[in-house]
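One-letter residues, chain by chain:
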Amino acid sequence: MHIKGIIFDLDGTLLDSSHVWSAAGPNYIKMKGLEPVADFQEKVYGKSLLQAAEYLKSYYKLSDSLQMIMDDINTIVEAEYLYNIKEKEGVRELLGELSKRNIPVCVATLTDKYLVEAVFKRLGILHYFKDIITATEVGSGKDRPDIYYKAAECLGTKAEETLVAEDMVYTVETAKKGGFIVAAVYDKEAENVQDRLKSMADIYVRSWKEFDYNLVG
């Protein structure tokens, strides 16, 4: 295993922010005076913001445009990114060490770019990333490897020499199918699937402090 570049997921992988998105959809529906369906999270699981908006508009027969729905959801989570969300343990040290070793990194995320830039600027880590690739930009969610291929293109690395770091089962599956080396990262929002993640991924870390730098370079 020889890693020449790393593609990081954002929420739950670099940032302690999964809980923000878990609440965003239901809060949006309640804001509209409606009741979220019991399996709401399963319905929007893994979708880009546009795909989620399309589902919400169709299922709840909303009159708002797709852009209005996306803007409203972003508004719900915006304050958390601007003021509250923190990086996960060991992230700052990890990025600094990778920079010293000249390992290029980027982000592949379902979250809109302006929110990523805002939180990274506040945390002082934006300069570490070569680019931020979003599902909205690519036009598909993480049920397909397109976003990872786009990110690898940005890094200038081949899939087989690129590490994708993710915290959810389906994203680990997608990255593996795309031919990438995959690291599964512990997140408390996915506590019940940690054994499965360990069995699927090439690398597993509960904290980025555990990352083995002998794998890169």
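Numbering of residues begins from 1 in every chain and follows the order in which that chain's sequence is written. A pLDDT threshold of at least 70 governs which residues receive local features in this predicted model, and a stricter bar of 80 or more applies before side-chain atom pairs are shown or counted, although totals over entire chains, interfaces and linings include all residues. As a rule here, side-chain values come from all non-hydrogen atoms in the structure, and water together with hydrogens is ignored.

S.K.: Where do I start with the pattern of salt bridges in this structure?
M.R.: Note on pairing: side chains with opposite charge can pair once their charged atoms come close. Salt bridge, as used here: a side-chain nitrogen of Lys or Arg that lies within 4 Å of a carboxyl oxygen of Asp or Glu. Per the stated rule, a full pass over the model turns up 13 salt bridges. Two residues, Arg101 and Glu97, come together in a salt bridge whose shortest N-O distance is 2.8 Å.

S.K.: What exactly am I supposed to notice about helix H3 (residues 49-59) here?
M.R.: Helical geometry note: an α-helix holds 3.6 residues per turn, so side chains three or four residues apart project in the same direction. In this scheme, a residue with accessible area under 20% of its type's maximum is buried, one over 50% is exposed, and one in between is partly exposed, where area comes from a 1.4 Å probe on protein chains only. Put simply, DSSP marks the helices as runs of H or I at least four residues long and the strands as runs of E at least two long, and each gets a number from the N terminus on. Within H3, the full set of buried residues consists of Leu49, Ala52, Ala53, Tyr55 and Leu56. End-on view of H3: buried residues confined to an arc of 160 degrees, all on one side of the axis. In what follows, a contact means two residues having at least one pair of non-hydrogen atoms within 4.5 Å. Buried residues belonging to H3 abut helix H1 (18-31), helix H2 (40-44), helix H4 (66-84) and helix H7 (135-138). Among the residues trailing H3, Lys61 stands out with phi positive, at a value near 55 degrees. Think of the arc as the fan of directions from the helix axis to the C-beta atoms.

S.K.: I tried to follow the nonpolar core on my own but got confused; where do I start?
M.R.: Side chains that are nonpolar tend, in soluble globular proteins, to be buried together. One finds Ile6, Phe8, Leu15, Leu56, Phe120, Phe129 and Trp208 to be the most contacted residues of the largest nonpolar core, which totals 52 residues. Ranked by size, the runner-up nonpolar core spans 23 residues in total, among them Ala151, Ala175, Val182 and Ala201. The set of buried Ala, Val, Leu, Ile, Met, Phe, Trp, Tyr and Cys residues whose side-chain atoms join them within 4.5 Å is what this entry labels a nonpolar core.

S.K.: Before we go on, may I ask you to explain the packing of aromatic side chains in this structure?
M.R.: The way to describe two aromatic rings as a pair is by their centre distance and the angle between their planes. Here a pair means two rings of Phe, Tyr or Trp (six-membered ring of Trp) with centres within 6.5 Å. Their orientation is stacked below 30 degrees between planes, edge-to-face above 60, and tilted elsewhere. In the structure shown here, the tally under the stated rule is eight aromatic pairs. Geometrically, the ring pair formed by Tyr149 and Phe180 is tilted, given 5.7 Å between the ring centres and 35 degrees between the ring planes. Pair noted here: Tyr149 is in helix H8 (residues 146-155) and Phe180 is in the loop between helix H9 (169-177) and strand S5 (181-185), with a separation of 31 residues, a long-range link. Residue class for Tyr149 comes out partly exposed when judged on its relative accessible area of 39%. Placement of a charge over a ring requires the Lys NZ or Arg CZ to be within 6 Å of the ring centre, with the centre-to-atom vector within 35 degrees of the ring normal. Cation over ring: Arg206 sits above Tyr186, and NZ or CZ is 3.9 Å from the ring centre.

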